[in-house]
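Each chain, letter by letter, is given below.
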Amino acid sequence: MTMFHFFNCAILTFGPHAVYYSATPLSEYDTLGTSVKTAVVYLGTALVKLVCLATFLKVSESDSFDPSQELLKALIGFIDVAGLYFALTQLTHRNISQNHKFQAVGLGWAFADSVLHRLAPLWVGARGLEFTWDYILQGLEANANLMLSLSLAALGSLMWLRKNKPKTLIPIIYACAGIVATMPSITSYLRWGLKWHLPEVVGFQVLTSLTMALISWQLFSACQRPSSSA
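Residues numbered from 1 in each chain as written. Predicted model: local features only at pLDDT ≥ 70, side-chain atom pairs only at ≥ 80, totals over all residues. Heavy atoms only, no water.

J.: Before we go on, may I ask you to explain the UniProt feature "transmembrane region" (unreviewed entry) in the chain in this structure?
T.: Taking the UniProt record as the reference, the feature "transmembrane region" (unreviewed entry) is found at residues 39–59, 71–88, 168–190 and 202–220. Taken as a whole, residues 168–190 contains 87% helix and 0% strand, while its terminal C-alpha atoms sit 32 Å from one another. (UniProt positions renumbered as here; feature names shortened; annotations may be inferred. Helix = DSSP H or I, 4+ residues; strand = E, 2+ residues; numbered from the N terminus.)

J.: Teacher, can you tell me more about helix 7 (residues 170–181) here?
T.: Two residues of an α-helix separated by three or four positions point the same way, owing to the 3.6 residues in each turn. The terminal C-alpha atoms of helix 7 lie 17 Å apart, and with twelve residues this matches the ideal 16 Å at 1.5 Å per residue to within 8%. All buried positions along helix 7 are accounted for by Ile173, Cys176, Ala177, Val180 and Ala181. Buried residues of helix 7, viewed axially, fall in a sector of 130°; they line one side. (Expected span 1.5 Å × (residues − 1). Buried < 20%, exposed > 50% of the residue type's maximum accessible area, 1.4 Å probe, protein only. Arc of directions from axis to C-beta.)

J.: Can you help me understand the side chain of serine 149 in this one?
T.: Take serine 149: it is sitting in helix 6 (residues 134–160). On the accessibility criterion, serine 149 (8% relative accessible area) is buried. Residues within four places of serine 149 in sequence aside, it is in contact with Gly106, Trp109 and Ala110. (Contact = heavy atoms within 4.5 Å.)

J.: Can you help me understand the nonpolar core in this one?
T.: Most often, soluble globular proteins have nonpolar side chains that are buried together. Formed by 30 residues in total, the largest nonpolar core has its most connected members in Phe102, Leu155, Leu158, Leu169, Ile173, Val180 and Leu219. At the level of secondary structure, the elements contributing two or more residues to this core comprise helix 2 (32–56), helix 4 (79–89), helix 5 (98–125), helix 6, helix 7 and helix 9 (198–229). The element contributing the most residues to this core is helix 6, with seven residues. With sequence-adjacent residues up to four places away left out, leucine 158 is seen in contact with Gln98, Lys165, Ile173, Leu219, Phe220 and Cys223. (Core = buried A, V, L, I, M, F, W, Y, C linked by side-chain atoms within 4.5 Å.)

Following this line, the structure appears as structure tokens:
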């Protein structure tokens, strides 16, 4: 039963990444190499963030919410944006369209994040004798993170790769990218500042990720129209 629970949680956590790759044109265009290179960039970015967090953050003896420390975490979190910028603009990609490029980058980024932050807790905790919903919620959280990573990659693609986008949409694109990039700090505030329980936090993440995915898709579609009509 314990291994069955572990496999269920692992499929919920990592399965959507494989489904997304195989169910979209990413598999047809063989973009796996782009996703793998992006995952390596994510690991390098995570290492830089870890060094910055260890250097600049104070060790707290309680789980209370410290606004100054959380603001510093949010600023350090923008290293992710720099990593995505490198993955989108500096990595050598196959001859794939901008649409497929941001999806491959976002997928590789989200998968590396799930492996780094969720594989070990799943292996240690989900195999325990006592059933808990925490690891199922962790899988739902990974799915929300997948949508947020794809959204941030799409917005980054519009910011850095799309030159002829409507000027009226530029502030909205940057505002949405800022919201997605600071989502870890927002959820941290909800959990430790407002004392939300894990199901409430995960529900908020899922709802927010769906909303941002829809907005990003609409923005990407709107920015595609000038090029298609030209």
